[in-house]
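Understanding the architecture of this molecule
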Amino acid sequence: MAHDDHAAFDALLQRHRGIVLKVAGAYARGAEDRADLAQEIAIQLWRAWPDYDPARSVTTWMYRIALNTAISHLRREGRHRRHSVPLEDGLHELPDERGCDHEVLGQVRMLQRFIAALPPLDRALLVLYLEEHSSREIAEVLGLGESNVTTRISRLKQRIREYAAPSTPSTTGARHGTR
Amino acid sequence: MEPDELKLAWQALGRQLERQQAIEWELLREHRLARVQRHLRPLVWGQGLQFLLGVGLIALGVACWTRNTDVPGLLLGGVLVHAFGVANAVMAAITLCLAAGVDSAAPVLRIQRRMAVLRCVQALNAGVCAAPWWVMWIPVVVAIAGVQAPGPETGNAPWLLASLAIGTAGLVATWGWSLWRWRRHRDLDMAPDATDAGDGCDGIGRAQRLLEEIARFERG
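Thresholds, definitions, all that
- Residues numbered from 1 in each chain as written.
- Chains lettered and ligands numbered in written order.
- Predicted model: local features only at pLDDT ≥ 70, side-chain atom pairs only at ≥ 80, totals over all residues.
- Helix = DSSP H or I, 4+ residues; strand = E, 2+ residues; numbered from the N terminus.
- Contact = placed C-beta atoms within 7 Å.
- Buried ≥ 20, exposed ≤ 12 C-beta atoms within 10 Å, placed from the backbone.
- UniProt positions renumbered as here; feature names shortened; annotations may be inferred.
- Expected span 1.5 Å × (residues − 1).
- Core = buried A, V, L, I, M, F, W, Y, C linked by C-beta atoms within 7 Å.

1. Quick notes on the overall build of chain B
When helices and strands are counted, chain B shows eight helices and zero strands. When the helices and strands of chain B are placed in sequence order, the string is α-α-α-α-α-α-α-α. Within chain B, counting contacts between residues at least 6 apart in sequence, those at least 24 apart form 68% of the total.

Right under this line is the structure:
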């Protein structure tokens, strides 16, 4: 029984490992931190696995746990490292640059900088938006109202445009958000 | 960069992360996972012990003051220990209830809010149940003496008074330090993850900032 349980969990994790990796990628600073966070998320998923209700969406369940774990990790690591490691250390360190052309590489780096400049809860919203979840799904994961999600996504898109605009690099909302 | 381009960049990042496969999935071997699942968090252990300590103090305090209603010093010592025991047990029970209610699969904002409240209660717990040990060890010693068979008078008032004075000074200094840290961080208005007192003094302040951040996020 325990073996079956483990096998089912293992299969689930393999099938949806992208969720773990992307959330870890959005909240971690550098490769080592990313691996640590991914492991932490996997452990939290395993702890919560006995209470998982198969009637409910598995991705919603995984995103909630992954994002909660990542936000707590970011707050904890932020407190420990802020005075010793500059915020952007490791952000330019892409996991694997093979197969990326120069333009895409630049965009990925800009995206990483933008994500790193966002407060933890806004990051969660951005991750879910970039994963192309509907407003209803995002609302369900975050615990926000659907209309609130729609409004916030519009503002986020505006901030992205402002952030990426070459003429106004220092007037971005994202940067202000890290105060 | 337009949102569509951003999504393409995000997909490229996702592919890179997938390719990297740097995560040590061997962590997820069955025996290790089973161990993780059985593992009780230190918070639960710590608060469980505090609850038991509280019950023990209540028993000691009651035993002392019920046997010494005619000795003001022992009566007072017993009542203080009794009250301190109640505070320990209640704070531990509240913390345990809050910790038990943290369901990591609940919506993100609900969990983050609950974590902030838990952090706040833990900080209060430290102020109410940990710092007073500067002084509370004295009534505990008195209460232990009060439940033992009466012996010859020892005339221990001088050491009691000296200990009480030192303990009170330590307690006031600890609470003053905590208050100073809290005010300092509140005035600086830093982000929840931007500060760390390093000594646990700013737990309430951090919890407040966290709750404010959640409220700001909800308001949009």
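2. Thoughts on the overall build of chain A
Tallying secondary structure elements over chain A gives nine helices and zero strands in all. When the helices and strands of chain A are placed in sequence order, the string is α-α-α-α-α-α-α-α-α. Here chain A holds 179 residues, and the buried ones make up 37% of them. Put simply, of all contacts in chain A between residues at least 6 apart along the chain, 61% involve residues at least 24 apart.

3. Let's talk about the UniProt feature "transmembrane region" (unreviewed entry) in chain B
All names here are of chain B. Residues given the UniProt feature "transmembrane region" (unreviewed entry) here are residues 42-63, 75-102, 123-147 and 159-180. End C-alpha to end C-alpha, residues 75-102 measures 41 Å, and it is 93% helix and 0% strand. Within residues 159-180, the helical portion is 100% and the strand portion 0%, while the C-alpha atoms at the span's ends are 31 Å from each other.

4. A closer look at the environment of Pro54 of chain A
Topologically, Pro54 of chain A is positioned in the loop between helix H3 (30-48) and helix H4 (58-81). Classification of Pro54 of chain A by C-beta neighbours within 10 Å gives exposed; the count is 7.

5. A few points about helix H5 (residues 102-117) of chain A
In this model, H5 of chain A (16 residues) spans 23 Å end to end at C-alpha, consistent with the 22 Å of a helix rising 1.5 Å per residue. Among the residues of H5 of chain A, Gln107, Val108, Leu111, Gln112, Phe114, Ile115 and Ala117 of chain A are the ones counted as buried.

6. What about unusual backbone geometry?
The backbone of Glu132 of chain A shows a phi angle near 60°, a positive value even though the residue is not glycine. Among the residues examined, Glu132 of chain A registers 10 C-beta atoms within 10 Å and is labelled exposed.

7. Things to note about the nonpolar core
The biggest cluster of nonpolar side chains holds 60 residues, and the ones touching the most others in it are Val23, Ala24, Ile41, Ala66 and Ala70 of chain A. For this core, the element with the most residues is H4 of chain A, which contributes nine residues. Once residues lying within four places of it in the same chain are set aside, the contact partners of Val23 of chain A are Ile41, Ala66, Leu67, Ala70 and Val127 of chain A. Of all hydrophobic cores here, the second largest spans 15 residues; its members include Val81, Phe84, Trp134 and Val140 of chain B.

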